[in-house]
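Spelled out from the first residue to the last, the chains are:
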Amino acid sequence: MQELHFAMPIMSLTAIISAGVMTLNWFMYQSADGVKQWMYSMQLMALTCLLLIGISYQPEIITFIALTSLFASFYFFVNGTEKFFRLAHSYRLWVVIGVTYFALSSWFSFVDSNRAMRYIASYSLVSVAMGLSIRSLMICAPSQHQRTNLSRWGFLVSCLCVFAVLSIHLLTLDAQPKTVVLTSLNTAQVLVIAATVCLPIILCVAFSLLCGAQQLEKMAVLAQKNKQASLLKGRFLTMLSHELRTPLNAIVGHADMLKRIPREPQKHAQLCDVISEAALSLSDLANQVLLQAKGEQVSSQLQPTNLAEQAHSVHELLLPLAKNKDLDFKLRIDERLSELYFLTDKESLPLVLKNLVSNAIKYTDYGEVILSASLHEQQVKEDYTLQVVRFSVSDTGVGLSKNALDYIFEPFASSQFEHNISNSAGFGLSLSKQLVENLGGELEVSSELSKGTVFTFDLVLSSCDAPVSQLGEERMKSPEQLASNRILIVEDNLLNQEVLKHYLQDTKMQCEYVRTLKDASGYIADKQFDVILLDMHLPDGHGLEWWQSLQSQFEPAQAPTVIALTGDADEQAQQRYLQQGIAYCLEKPVSGSTLLSVLEHVGTAQTTQINPLQLLDEALIHRLNQQFDSHFLNTKLMYLADTFDYEFAQLQGLADIQAIDQLEVKLQTLTQECIEMGLKALAQALEETKQAVQAKQVIDWRALHHYAKQNALALQNYQKQFTA
């Protein structure tokens, strides 16, 4: 029978059209698995049909190339189907099929030219391909979307049609070719030819329907997820409302009690402590909300920390919540931790423990809650020791189901939304997990319904010496040292102005208060200030942009030091402020000790700037000016001052990750550069810093950075005088 050869020109045309359609599908659905392989399959099928048209010119070679193209076409057909339905592809099976197929094709093309055997080999290949494709369709999980299921049934029918048409051809195959006239064909033969011609289109339509249905299914799943996320966020906002109202209620209530209780200093102090604690809790909650919404990790600021003290602090803070529910809140601390200090983030760890303990108390109606910390193991490195500290929070509460354990750490998720969370110190486990991971650990949970839950995480920490006396306390003892500074406070909130006035009332500083950037510009035009306390978000503009526009008006030696007052919890924003000329960033709410500590740093730096010759090696600077061109030196000095931001950021980064060897090398290199440029005081400070690092002492990198910039500024000013 020659119907297949008779229909080949028309089939070639339909195959080319189908290949073009599948190419367009690939451009439309590039993200869908298997579409590229299906496109290759249709293109190779079109090539096979074109080769079969010209088979009369060089029968053996053209026939073998056509059979090879046919094999590749149906290989990509099956490969694309398996990728689309996300099933594993068996390469070994196709190696066996390929070896067998090419052996038969080569033999019956070049050695024994047998048309019937070539057709049987091709038919076997297509049958295996259709069988594997139908198997993939049957194995894959059924979809919940009706259109997807209908498209899969269409694909099944297409595979069966291909199998049926080729089977009919095989059964009616003639051993010897003969001439076929169109008018001599009966109805059955015409139908077979029509079905043969339509095979590429049938497969192309099936592929297109599958791609479109999968895309619709993805969009439906995405819409469902968005709906669930919206619902979760709505519930989260309800939870957050409770969280915000709790400390606000404490602040308002205790402030009212403070007014009503006359002349009882001790009672007044207790009420003020409660108000302060509630306000800090509110600030802490605001930071958590921002971090949770952005899905970011908090960058760790490593400080010497006594873990036992932090655990005791969390225990004392949340013990009243446990007593209100008649729960036994136990604290189990390894005795060895009481004497040890570790380098870790002093803010993140208590936040994690508060969240875990508050959740345990919230979901426990009777029994006990246990917070424990213990030394688990010790790891000795070359020149320092690492300790593995294990923390756990266990309760005898309602527990979690296996289903809840799958999503308990997802943002905005809660296992039991109906519970009242107004006594909670936190609002979710997602942030706790992020914080623990940022500290180098992994938060794990085990739970059983009606029996309780246990949260556990290990931290690998480097032990260190106890910290020196707190800087803030030292500065609070000597406010008279700040008497000579003139300070401009740019703050639009009158309540915040009152707080700052209270902090600065004993410093004898000359303070001016304004509420807008326009008023601040007027004051700066009329008076000279040493320090500007600048709120970043003001009614008439952004503080950073305003200061950048004013910087060019000042000589470097006369420019005031700008301290940002910001509510931005985003560390990237704060880093941007520091890179753009802001000396310090104070995050609201600002404590008095922190403010006075920073002002003392500024005052010390400005005092040293008055006598630049004490900072510089004059003889060396004279030799440099004789040896090099003054323009070259000025450029080098400007470059040196600009790179201090980068250099000291590197130093602090190395200190944070405890890369002591690299830190010492970096300090030595920077010290040598300062010596070569005549910055003798800064070189001495860096050498002392290197010794402090070797002694594992705490370094105030921000203060050292500011001191370095002041030294560089002194050298620039001296160089200008020298070359004038």
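Residues numbered from 1 in each chain as written. Predicted model: local features only at pLDDT ≥ 70, side-chain atom pairs only at ≥ 80, totals over all residues. Heavy atoms only, no water.

Turning next to the overall build of the protein. Of regular secondary structure, the protein possesses 24 helices and 14 strands. In the protein, buried positions account for 45% of the 724 residues. When the accessible surface of the protein is split by element, carbon and sulfur atoms take 56% of a total near 37,400 Å². (Helix = DSSP H or I, 4+ residues; strand = E, 2+ residues; numbered from the N terminus. Buried < 20%, exposed > 50% of the residue type's maximum accessible area, 1.4 Å probe, protein only. Areas by Shrake-Rupley, 256 points an atom, 1.4 Å probe, with all protein chains shown as cover.)

Once that is clear, we can look at helix α23 (residues 680–694). Helix length check: α23, at 15 residues, gives a terminal C-alpha distance of 21 Å against a target of 21 Å (1.5 Å per residue), a fit within 8%. Along α23, the residues classified as buried are Ala681, Leu682, Ala683, Ala685, Leu686, Thr689, Lys690, Ala692 and Val693. Positive backbone phi, approximately 60°, marks Lys696, located one or two places after α23. (Expected span 1.5 Å × (residues − 1).)

Let us look at a nonpolar patch on the surface. Side chains of Ile61, Ile65, Trp107, Phe110 and Val111 sit close together on the surface and give an oily, nonpolar patch of about 500 Å² of accessible area. Breaking the nonpolar patch down by element, the ones donating at least two residues are α4 (59–84) and α5 (91–111). Here Trp107 lies in helix α5. (Patch = residues over 30% accessible without salt bridge, like charges linked within 9 Å, V, L, I, M, F, W, Y side chains within 5 Å. Salt bridge = Lys/Arg side-chain N within 4 Å of Asp/Glu carboxyl O.)

Next up on the list: the pairing of strand β7 (residues 452–464). Within β7, ten of the 13 residues are buried, which leaves it mostly tucked inside the rest of the structure. Alignment of strand β3 (residues 341–345) against β7, held across three bridges, turns out to be antiparallel. Counted as the bridge partner of Phe342 is Ser463 from β7. In terms of strand pairing, strand β6 (residues 444–448) meets β7 through five bridges, oriented antiparallel. Bridge pairing links Ser446 to Val454 in β7. From the end of β6 to the start of β7, which pair antiparallel, there are three residues, and Ser450 there has a positive phi angle of about 70°. (Pairing = 2+ DSSP bridges.)

Before going further, it helps to spend a moment on the packing of helix α16 (residues 517–526) against helix α17 (residues 543–551). Taken N-terminus to C-terminus, the directions of α16 and α17 make an angle of 30°; their axes are 11 Å apart at the nearest point. In terms of axis orientation, α16 runs roughly parallel to α17. The element α16 and its partner α17 pack so that their crossing is right-handed. Touching Leu517, Ala520, Ser521 and Ile524 of α16 are Gly543, Trp546 and Leu550, all from α17. A class-by-class count of the residues in the contact of α16 with α17 yields five nonpolar, two polar and no charged. (Axes fitted to C-alpha atoms, helices over the stretch in contact; angles between N-to-C directions. Parallel < 35°, antiparallel > 145°, perpendicular 65-115°, else oblique. Left-handed = near helix turned anticlockwise from the far one by under 90°. Contact = heavy atoms within 4.5 Å. Nonpolar A, V, L, I, M, F, W, Y, C, P; charged D, E, K, R; others polar.)

Before going further, it helps to spend a moment on the pattern of salt bridges. Oppositely charged side chains can pair when the atoms bearing their charge come close. One pass over the full model with this rule turns up eleven salt bridges. Between Asp33 and Arg86 there is a salt bridge; the shortest N-O distance is 3.7 Å. Within this pair, whereas Asp33 is found in the loop between α2 (8–28) and α3 (35–53), its partner Arg86 is found in the loop between α4 and α5, the two being separated by 53 residues in sequence. Among the residues examined, Asp33 registers a relative accessible area of 34% and is labelled partly exposed.

Below, the discussion takes up the packing of aromatic side chains. Evaluated as defined, the whole model comprises 20 aromatic pairs. Measuring from centroid to centroid gives 5.6 Å for Tyr75 and Phe76, while their planes differ by 70°, and the two rings are edge-to-face. Taking the relative accessible area as the measure of exposure, Tyr75 reaches 18% and is therefore buried. Taking the relative accessible area as the measure of exposure, Phe76 reaches 24% and is therefore partly exposed. What links up through ring pairs into an aromatic cluster is the set Tyr40, Phe64, Phe71, Tyr75, Phe76, Trp94, Tyr101, Phe102 and Phe110. Over the ring of Tyr513 we find Lys501, and its NZ or CZ is 5.0 Å from the ring centre. (Phe/Tyr/Trp six-rings, centres within 6.5 Å; stacked < 30°, edge-to-face > 60°. Lys NZ or Arg CZ within 6 Å of the ring centre and 35° of its normal.)

This brings us to the pairing of strand β8 (residues 486–490). Among the five residues that make up β8, four are buried, leaving the element largely enclosed by the rest of the structure. Sheet topology note: the β8/strand β9 (residues 510–514) ladder contains five bridges and is parallel. By the bridge assignment, Ile489 is partnered in β9 with Tyr513. For the handedness criterion, the β-α-β arrangement of β8, helix α15 (residues 494–504) and β9 is classed as right-handed. (Right-handed = clockwise from strand over helix to strand, strands pointing away.)

Taken in spatial order, the five strands make up an open sheet running β9-β8-β10-β13-β14, and their pairing is parallel. Bordering the open sheet on either side are β9 and β14 (584–587), each of which pairs with just one other strand. Each strand of the sheet is rotated relative to its neighbour by a mean of 20°, with strand direction disregarded. Taken strand by strand, α16 contacts β8, β9 and β10 (531–535), and its axis lies near 165° from that of β8. Along the sheet, α17 contacts β10 and β13 (561–566); its crossing angle with β10, the most-contacted strand, is approximately 145°.

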